[in-house]
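Architecture at a glance
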Amino acid sequence: MRIVVAGGGWAGCAAAAAAAKRGAQVTLCERTDQLLGTGLSGGIMRNNGRFTAAEELLAMGGGELIAAADLCARHRNVDFPGHRHATLYDTARMPVAVENLLRALGVELRFETRITRAAVRSGRIASVTSQRGEEFSAGAFVDATGSAGPQANCAKYGSGCAMCALRCPSYGPRVSLCALAGVKESALPRPDGGTGAVSGSCKLDKASLSAALRTALDERGVVITPIPRALVRDKLALKACRQYALDAYRDNVVLLDTGSAKLMSPWMPLRELRRVPGFEQARYEEPLAGGRGNSVRLLAAVGRDDAMRVLGATNLFCAGEKAGMFVGHTEAIVTGTIAGYNAVRLLQNLPLLALPRSLACGDAAAFARENFPGLRVTFSGAEYFERMKQLGLYTTDRAAIRARVAKAGLTGVFAR
Ligand SMILES: Cc1cc2nc3c(=O)[nH]c(=O)nc-3n(C[C@H](O)[C@H](O)[C@H](O)COP(=O)(O)OP(=O)(O)OC[C@H]3O[C@@H](n4cnc5c(N)ncnc54)[C@H](O)[C@@H]3O)c2cc1C
């Protein structure tokens, strides 16, 4: 049983882990030299409904990436505007922790391996080939290549390449396996008439902040500094992450500690940022041109069923931002786990698993499909978190979550 996963962001890592645990030989191809993709710039886990989804996954036996993020946490149980009980992982430690975990599960990791061709016959992929000409055959494939960039899209829908963690100029543009297989992709139509969405945070070099800000960040994990009135700019409508499209993020510089100082704004002109007290020497760490713009995402998602099988393809699954307008690491891990697990079930001639709607993980997968492509879905805010609350799906009671999973007959379903 051979599975090839294209893309080593959180979704691809989760798919690879789930497939390896079910006994498949898994090769994970990542176009850059590091795992985690946009997760290199992230860090926020377990905020709001993500806590529930994370605990469901743990109860289903698919939570090793969640546990790894918990272990790499710099802060736990942090509250910030609109968000409660967040965990903030250390973005420097996280990629290596995930790499070690996947190697321990027997996943073959191929870095600087950008998939650029696919041999497809009647909707079935036989093999994929990298830019360097290496061919990988498998019985089933997972497309976890994300939806961000490449450069041309950041120029067309944003303000040009901001030099983000994806490093398109160095490693070549994102290539979608679904597109190579002839599957039609959709971009997010923004309510303001735009296309896609601008990434909603940047990383500042902590050493460039005042000593008072650094100390407060290290101690509390969050620091909120009012922006002088003349410098307040409204970028909320552009943000990929609608859960942070709140006035508090327009009127304040909200910083979170992920090892770097995570600035919860899509961008802010450097000269203006340096006029905020404590930021006089501020320097962007990522994207390097965070004073000017940020990456554009949600540009390339596909139709799929709730088992994450791509519509119009036989042996192709999808996960993460490719699998709908999902925003977030937890969302990528949940969909990746379903995709990797089902890719193996397909090869075992077993029925594919769609999680039931009695679980937040199952309901979110179905809700994102039903509202595709117009609605962004995250457990952590906006419409879907409201829905979780209305349906009684949101809880931080671990015992209740385990009982819910047990009632669905899914305890340990993703375990080795
Ligand atoms: C700046 C920023 C901050 C964020 N902060 C948070 C946060 O704090 N918390 C949170 O929950 N979410 C956050 N998000 C959102 C979150 O990172 C994503 O929604 C989620 O991680 C997407 O994962 P993914 O695996 O689907 O895609 P990606 O992370 O985009 O990963 C796709 C991977 O595929 C690779 N790839 C592309 N094409 C190919 C190919 N042809 N062959 C091989 N590899 C290929 C790419 O190099 C990349 O590594 C943030 C996003 C950004 C951009």
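Above this text you will find the structure in question.
Notes on the structure in this doc start here.

Conventions and cut-offs
- Residues numbered from 1 in each chain as written.
- Predicted model: local features only at pLDDT ≥ 70, side-chain atom pairs only at ≥ 80, totals over all residues.
- Heavy atoms only, no water.
- Helix = DSSP H or I, 4+ residues; strand = E, 2+ residues; numbered from the N terminus.
- Buried < 20%, exposed > 50% of the residue type's maximum accessible area, 1.4 Å probe, protein only.
- Contact = heavy atoms within 4.5 Å.
- Lys, Arg positive; Asp, Glu negative; His and termini not counted.
- Charge placed at Lys NZ, Arg CZ, Asp CG, Glu CD.
- Pairing = 2+ DSSP bridges.
- Phe/Tyr/Trp six-rings, centres within 6.5 Å; stacked < 30°, edge-to-face > 60°.
- Polar contact = N/O pair within 3.5 Å; in protein donor to acceptor, adjacent residues only side chain to side chain.

To continue, consider the overall build of the chain. Scanning the chain for helices and strands turns up 14 helices and 18 strands. For the chain, the C-alpha atoms occupy an extent of roughly 60 × 50 × 40 Å along the three principal directions. Out of the 416 residues belonging to the chain, those deemed buried represent 61%. Sequence-distant contacts, at least 24 apart, represent 71% of the contacts inside the chain between residues at least 6 apart. Counting 53 positive and 36 negative side-chain charges, the chain places the centres of these two groups 2 Å from one another.

If you walk across this open sheet you meet the three strands as E3-E5-E4, and the pairing is antiparallel. Because the sheet does not close on itself, it has two edges, and the strands there are strand E3 (44–45) and strand E4 (73–80). Here E3 pairs with strand E5 (residues 83–89) via two bridges, running antiparallel. Along E5, the bridge assignment pairs Ile44 with Leu88.

Turning next to the packing of aromatic side chains. Applying the stated criterion across every chain yields a total of five aromatic pairs. Taken together, a centroid distance of 4.9 Å and an interplanar angle of 90° make the contact between Tyr341 and Phe414 edge-to-face. Placement of Tyr341 in helix H11 (residues 329–347) and of Phe414 in the segment after helix H14 (398–407) is noted, with a sequence separation of 73 residues between them. Where Phe379 meets Tyr384, the ring centres are 6.0 Å apart and the plane angle is 75°; that geometry is what we call edge-to-face. Each member of the pair, Phe379 as well as Tyr384, is classed as buried.

Before going further, it helps to examine the side chain of Asn342. One can find Asn342 in helix H11. Separated by 3.0 Å, the side chain of Asn342 and the backbone oxygen of Ala307 make a polar contact. Apart from residues no more than four positions distant in its own chain, Asn342 is found in contact with Ala307, Phe317, Leu352 and Leu353.

This next bit is on the pairing of E5. The buried count for E5 comes to six of seven residues, which makes it a mostly enclosed element. Pairing of E4 with E5 involves four bridges; the strand directions are antiparallel. Residue pairing across strands places Val78 opposite Ala86, the latter belonging to E5.

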